[in-house]
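Structural features, examined
Each chain, written out:
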Amino acid sequence: MAEPTMHIGEVAERVGLSLRTIRYYEEVGLIAPSARSQGGFRLYLEADVARLQLVKDMKPLGFSLDEMRDLLGVLDKLDDTDTEDEGHDQTVERLAMYRVAADARCDALRGQLRIAESFAGTLRNRLTTHRERSN
């Protein structure tokens, strides 16, 4: 039995991206549908959805399109080759580099969140103060 396929609309709904964004990611070479229907419609498999989810997950960390493309290539290479491959260690090191970068970007986002939460707290306090004055 063949693996079930999905049209772009179903994929967009599952991943939470617009059709336009998915088409753009295809245009820049980050993802590709596994097949096309006889009518030319894009057909996606679960692996395509998982890849698209990875792209979506990289976006808030500020990875550039080139970095995303490179990281996806690293992951593809690690998934498609034997551990005995002569370039395996270098590929694993590139993956480690991306992990360090992702961790650093998460730390930066946590710092921004602390600042934003502090600001929201300031506004809450000022609102409370001004409401008390009005009563």
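See the structure printed just above.
Residues numbered from 1 in each chain as written. Predicted model: local features only at pLDDT ≥ 70, side-chain atom pairs only at ≥ 80, totals over all residues. Heavy atoms only, no water.

Tallying secondary structure elements over the chain gives five helices and two strands in all. Its helices and strands in sequence order give the chain the pattern α-α-β-β-α-α-α, from N to C terminus. Against the 2.2 N^0.38 benchmark of 14 Å for 135 residues, the chain shows a C-alpha radius of gyration of 21 Å, more extended than a compact globule. Along the first, second and third principal axes, the C-alpha set of the chain runs to 70 × 45 × 25 Å. By residue count, 25% of the 135 residues in the chain fall in the buried class. For the chain, the share of sequence-separated contacts (at least 6 apart) that also reach a separation of at least 24 residues comes to 52%. Working note: accessible area of the chain is about 9600 Å², and carbon and sulfur atoms make up 53% of it. Here the chain holds 19 positive side-chain charges and 24 negative ones, and the gap between their average locations is 14 Å. (Helix = DSSP H or I, 4+ residues; strand = E, 2+ residues; numbered from the N terminus. Rg over C-alpha atoms; globule rule 2.2 N^0.38 Å. Buried < 20%, exposed > 50% of the residue type's maximum accessible area, 1.4 Å probe, protein only. Contact = heavy atoms within 4.5 Å. Areas by Shrake-Rupley, 256 points an atom, 1.4 Å probe, with all protein chains shown as cover. Lys, Arg positive; Asp, Glu negative; His and termini not counted. Charge placed at Lys NZ, Arg CZ, Asp CG, Glu CD.)

Right, let's talk about the packing of aromatic side chains for a bit. Under the defined criterion, the tally for this structure stands at two aromatic pairs. Plain terms: the ring middles of Tyr24 and Tyr25 are 6.1 Å apart, the flat faces sit at 50° to each other, and that makes the pair tilted. Ring geometry for Phe63 and Tyr98: centres 6.1 Å apart, planes at 55°, overall tilted. Here Tyr98 lies in helix α5 (residues 88-134) and Phe63 lies in the loop between α3 (46-58) and α4 (65-80), a separation of 35 residues in the sequence. Residue Phe63 shares its accessibility class with Tyr98, and that shared class is buried. Arg105 extends its terminal NZ or CZ atom over the ring of Phe63, reaching a point 4.1 Å from the ring centre. (Phe/Tyr/Trp six-rings, centres within 6.5 Å; stacked < 30°, edge-to-face > 60°. Lys NZ or Arg CZ within 6 Å of the ring centre and 35° of its normal.)

The subject of this paragraph is the nonpolar core. If you look at the biggest cluster of nonpolar residues, it comprises 23 residues, and the most contacted ones within it are Val11, Ile22, Leu30, Ile31, Leu52 and Val55. Apart from the residues within four sequence positions on either side, Val11 is in contact with Met6, Ile22, Tyr44, Val49 and Leu52. (Core = buried A, V, L, I, M, F, W, Y, C linked by side-chain atoms within 4.5 Å.)

This brings us to helix α2 (residues 19-27). Among all positions of α2, only Ile22, Tyr25 and Glu26 are buried. Taken around the axis of α2, the buried residues stretch over an arc of 105°, which confines them to a single face. In this structure, α2 carries Arg20 and Glu27 as exposed residues pointing more than 90 degrees from its buried face. The inward-facing, buried residues of α2 abut α1 (8-15), β1 (35-36), β2 (42-43) and α3. Immediately beyond the C-terminal end of α2, within one or two residues, lies Gly29, with a positive phi of roughly 85°. (Arc of directions from axis to C-beta.)

As a further point, take α1. Taken residue by residue, α1 has Ile8, Val11, Ala12 and Val15 as its buried positions. All buried residues of α1 fall inside an arc of 100° around its axis, so they share one side. Looking at the packing, one finds that the buried side of α1 touches α2, β2 and α3. Positive backbone phi, at 85°, marks Gly16, one or two positions downstream of α1.

Side chains carrying opposite charge are able to pair once their charged atoms draw close together. Tallied over the entire structure, the rule returns nine salt bridges. Arg42 is the partner of Glu26 in a salt bridge, and the nearest nitrogen-oxygen pair spans 2.5 Å. Here Glu26 is found in helix α2, whereas its partner Arg42 is found in strand β2, with 16 residues between them in sequence. Between Glu67 and Arg105 there is a salt bridge; the shortest N-O distance is 3.3 Å. With a gap of 38 residues between them, Glu67 in helix α4 and Arg105 in helix α5 connect regions that are remote in the sequence. Within the structure, one salt-bridge network assembled from shared partners comprises Glu26, Arg36 and Arg42. (Salt bridge = Lys/Arg side-chain N within 4 Å of Asp/Glu carboxyl O.)

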